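What follows is each chain in one-letter form.
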Amino acid sequence: MRTRTPRILTLAAMVGAATLLITGCAAGQTPGSAPTSSADPNDPVVAELLGSWGEDAAGQPHLEFTVDGEVKGSDGCNGIFTNFTVEGDQIDLAQFASTLKACEGVDDWLRGVRAVEVDGDVLVAFNDSGEKLGELTRAE
């Protein structure tokens, strides 16, 4: 004789999963998202960093740093987002979350960025080993 899971247990499991998902969203975060931070716009390092870098055009990498401590943009194909922190003159980025489109011929170097420096109108990007990955110019 074959047993079936009672429908009430299946329903209870579905309600429990939905409750966990709703609770995470109600807290302002999606499952697996990094906590939000904020940046002091009066800090000269932050003030120099805020705004858009790169070209917001199809196939082009770009980032925008906001006063909320958020970074959003595109690696040229996928939307990417994370948070940043500033301590002294050190600007660190958490690992990027990303959409998962497949685009041929797009160099996704921007997703490996973990730290940046502002050098005039150039944002210099580094990986977690301190190796330079690339540069973005300040958007106009």
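The rules behind each value
- Residues numbered from 1 in each chain as written.
- Predicted model: local features only at pLDDT ≥ 70, side-chain atom pairs only at ≥ 80, totals over all residues.
- Heavy atoms only, no water.
- Phe/Tyr/Trp six-rings, centres within 6.5 Å; stacked < 30°, edge-to-face > 60°.
- Helix = DSSP H or I, 4+ residues; strand = E, 2+ residues; numbered from the N terminus.
- Buried < 20%, exposed > 50% of the residue type's maximum accessible area, 1.4 Å probe, protein only.
- Patch = residues over 30% accessible without salt bridge, like charges linked within 9 Å, V, L, I, M, F, W, Y side chains within 5 Å.
- Areas by Shrake-Rupley, 256 points an atom, 1.4 Å probe, with all protein chains shown as cover.
- Salt bridge = Lys/Arg side-chain N within 4 Å of Asp/Glu carboxyl O.
- Lys, Arg positive; Asp, Glu negative; His and termini not counted.
- Charge placed at Lys NZ, Arg CZ, Asp CG, Glu CD.

Draft legend 1. How the structure looks around the packing of aromatic side chains. Under the criterion given, the structure shown has one aromatic pair. Summarising the aromatic geometry, the rings of F65 and F84 are spaced 5.4 Å apart at their centres and angled 70 degrees between planes, so their arrangement reads as edge-to-face. One end of the pair, F65, is in strand 2 (residues 62-65); the other, F84, is in strand 4 (residues 79-87), with 19 residues separating them in the sequence. Given a relative accessible area of 2%, F65 falls into the buried group. Judged by its relative accessible area of 1%, F84 falls in the buried class.

Draft legend 2. Structural view of a negative patch on the surface. There is a patch of like negative charges on the surface, built from E48, D89, E117 and D119. Examined against the element boundaries, E117 turns out to sit in strand 7 (residues 115-119). You can call E117 partly exposed: its relative accessible area is 45%.

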